[in-house]
Amino acid sequence: MAGTLPLSLVVITRDAAKELAECLASGAFASDVVVVDAGSRDDTVEIARRSGARVAVEPWRGFGPQKTFAVGLAAHDWVLCLDADERVTPELAQAIGALFRAGAPAQPAWAVARRNRFLGRWLAHGEGYPDWNVRLFDRRHARWTDDAVHEHVVADGTVGRLSGDLLHASAESIEDYVAKQNRYTTLQAEAMRARGERAGLARLALSPLARFLRFYVVKLGFLDGAAGFAHIAIGAFASFLKYAKLRALEARRGAANGDPPPRPRAKRSAYSSPARPGSS
């Protein structure tokens, strides 16, 4: 089935030399391969070309815009979008092949179950699996959002689901993972501020708790042991950071506009009683 399916494999990269070859090999069934690189300082571009990909170098636009640009370079309208640290399992490859051998896919977009590896363990619950993502779609009827981070595909019709897993085999350290969450929450806060969203006390306090309970308890994340707990706890803290940063942006804008700070309440003596109405 190698290289026979009428779809384009599309990957955006930056400094992905350690991961890219295996990613492209897992999608060898695609008859067209496009890699858009954002200025790698390693051998990413050379590896992509040796693997038979068409390569374009494009300055970083943000995740959503960068992926939209890459999809626009595809030779086929049907595209399979992967990150460099993701791998198509044989079961997923078979499901994609069966979809095209049966004729034109019935839905304009298809979601895949992404399985995340964290702290050396493949997660099987929580927000680590199944992490459903639309990755296979007809670009005439579906598209990436313009979000700079946490971009996703929106389709004009219903979205199907494919069997088999997409492995997210990230090898980043816990330090790199936390640093990435810090960068992403900054971008999220800036995007929410641009949309006019506010971060009240309820969102600041309840959003992290709700996220933790949903994925650790309802989605059985506790079954993934210490790795599952750490993954969900960091995600909950990221929710807190997102809204805390949004509040900081609001405060910064208020200070720039010359808004006065809130006046402190006058302190009342512990031994005095409040004055009665009309008394002097």
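Note: the structure precedes this text.
Residues numbered from 1 in each chain as written. Predicted model: local features only at pLDDT ≥ 70, side-chain atom pairs only at ≥ 80, totals over all residues. Heavy atoms only, no water.

A. Representation of unusual backbone geometry in the model. A cis amide bond, omega -10 degrees, links Y129 with the succeeding residue P130. Take P130: it is sitting in the loop between β7 (121-122) and β8 (131-138). The backbone phi angle of D15 is positive, close to 55 degrees, even though this residue is not glycine. With respect to the helices and strands, D15 occurs in the loop between β1 (5-13) and α1 (20-26). Since its relative accessible area comes to 30%, D15 is described here as partly exposed. Residue L220 is not a glycine yet carries a positive backbone phi of 65 degrees. With respect to the secondary-structure elements, L220 resides in the loop between α6 (201-218) and α7 (225-256). (Helix = DSSP H or I, 4+ residues; strand = E, 2+ residues; numbered from the N terminus. Buried < 20%, exposed > 50% of the residue type's maximum accessible area, 1.4 Å probe, protein only.)

B. View of the environment of P108. Looking at the element boundaries, P108 is found in the loop between α4 (90-101) and β6 (109-118). Residue P108 is classed as buried on the basis of its relative accessible area of 15%. Residues P108 and A227, spaced 119 residues apart in sequence, show a C-alpha to C-alpha distance of 36 Å. Apart from the residues within four sequence positions on either side, P108 is in contact with W78, F137, D138, H141, A142, A155, G157 and T158. (Contact = heavy atoms within 4.5 Å.)

C. Up close: the pairing of strand β3 (residues 54-57). Judged from the four bridges that link them, strand β2 (residues 30-37) and β3 form a sheet pairing that is parallel. Counterpart to V34 in the pairing with β3 is R54. Taken together, β2, helix α2 (residues 44-50) and β3 form a β-α-β motif whose crossover is right-handed. (Pairing = 2+ DSSP bridges. Right-handed = clockwise from strand over helix to strand, strands pointing away.)

D. Up close: the packing of aromatic side chains. Across all of its chains, the model carries 10 aromatic pairs by this definition. Aromatic side chains F118 and Y177 sit 5.0 Å apart centroid to centroid with 65 degrees between the ring planes, which places their arrangement in the edge-to-face category. You can see F118 sitting in strand β6 and its partner Y177 sitting in helix α5 (residues 174-194), a full 59 residues away along the chain. Exposure remark for F118: the relative accessible area of 7% places this residue in the buried category. A centroid spacing of 6.3 Å and a plane angle of 85 degrees characterise the contact between F137 and W144, whose relative ring orientation is edge-to-face. Using a relative accessible area of 1% as the deciding quantity, one classes F137 as buried. Residue classification places W144 among the buried positions, given a relative accessible area of 7%. Ring-pair connections join several aromatic residues into one group, and the members of that group are F212, Y216, F222 and F229. Between the NZ or CZ atom of R14 and the centre of the ring of W60, over which it lies, the distance is 5.2 Å. Directly above the aromatic system of Y129 lies the positively charged group of R115, at a separation of 4.9 Å from the ring centroid. (Phe/Tyr/Trp six-rings, centres within 6.5 Å; stacked < 30°, edge-to-face > 60°. Lys NZ or Arg CZ within 6 Å of the ring centre and 35° of its normal.)

E. The nonpolar core, seen in detail. The biggest cluster of nonpolar side chains holds 31 residues, and the ones touching the most others in it are L7, V11, L80, I96, L136 and L162. Secondary-structure elements contributing two or more residues to this core are β1, α1, β2, α2, β4 (78-83), α4, β6 and β11 (159-168). Of the residues forming this core, the biggest block, six residues, is contributed by α4. V10, A70, A111 and A142 belong to the second largest nonpolar core, which has 17 residues in total. (Core = buried A, V, L, I, M, F, W, Y, C linked by side-chain atoms within 4.5 Å.)

F. Quick peek at the packing of α6 against α7. Taken N-terminus to C-terminus, the directions of α6 and α7 make an angle of 165 degrees; their axes are 9 Å apart at the nearest point. The angle between α6 and α7 falls in the class roughly antiparallel. Seen along the crossing, α6 lies across α7 with a hand that is right-handed. Packed against α6, whose contacting residues are L201, R203, L204, S207, P208, R211, F212, F215 and Y216, the element α7 presents F229, I232, A233, G235, A236, S239, F240, Y243, A244 and R247 at the interface. Partitioned by chemical class, the residues of the contact of α6 with α7 number 13 nonpolar, three polar and three charged. (Axes fitted to C-alpha atoms, helices over the stretch in contact; angles between N-to-C directions. Parallel < 35°, antiparallel > 145°, perpendicular 65-115°, else oblique. Left-handed = near helix turned anticlockwise from the far one by under 90°. Nonpolar A, V, L, I, M, F, W, Y, C, P; charged D, E, K, R; others polar.)

G. Local environment of α6. End to end, α6 covers 24 Å across 18 residues, agreeing with the expected 26 Å (1.5 Å per residue, within 8%). Most pronounced at S207, the bend in α6 amounts to some 30 degrees, and the proline P208 follows within four residues. Those residues of α6 that are buried lie in contact with α7. (Expected span 1.5 Å × (residues − 1). Bend = angle between axes of the 7 residues up to and from the residue.)

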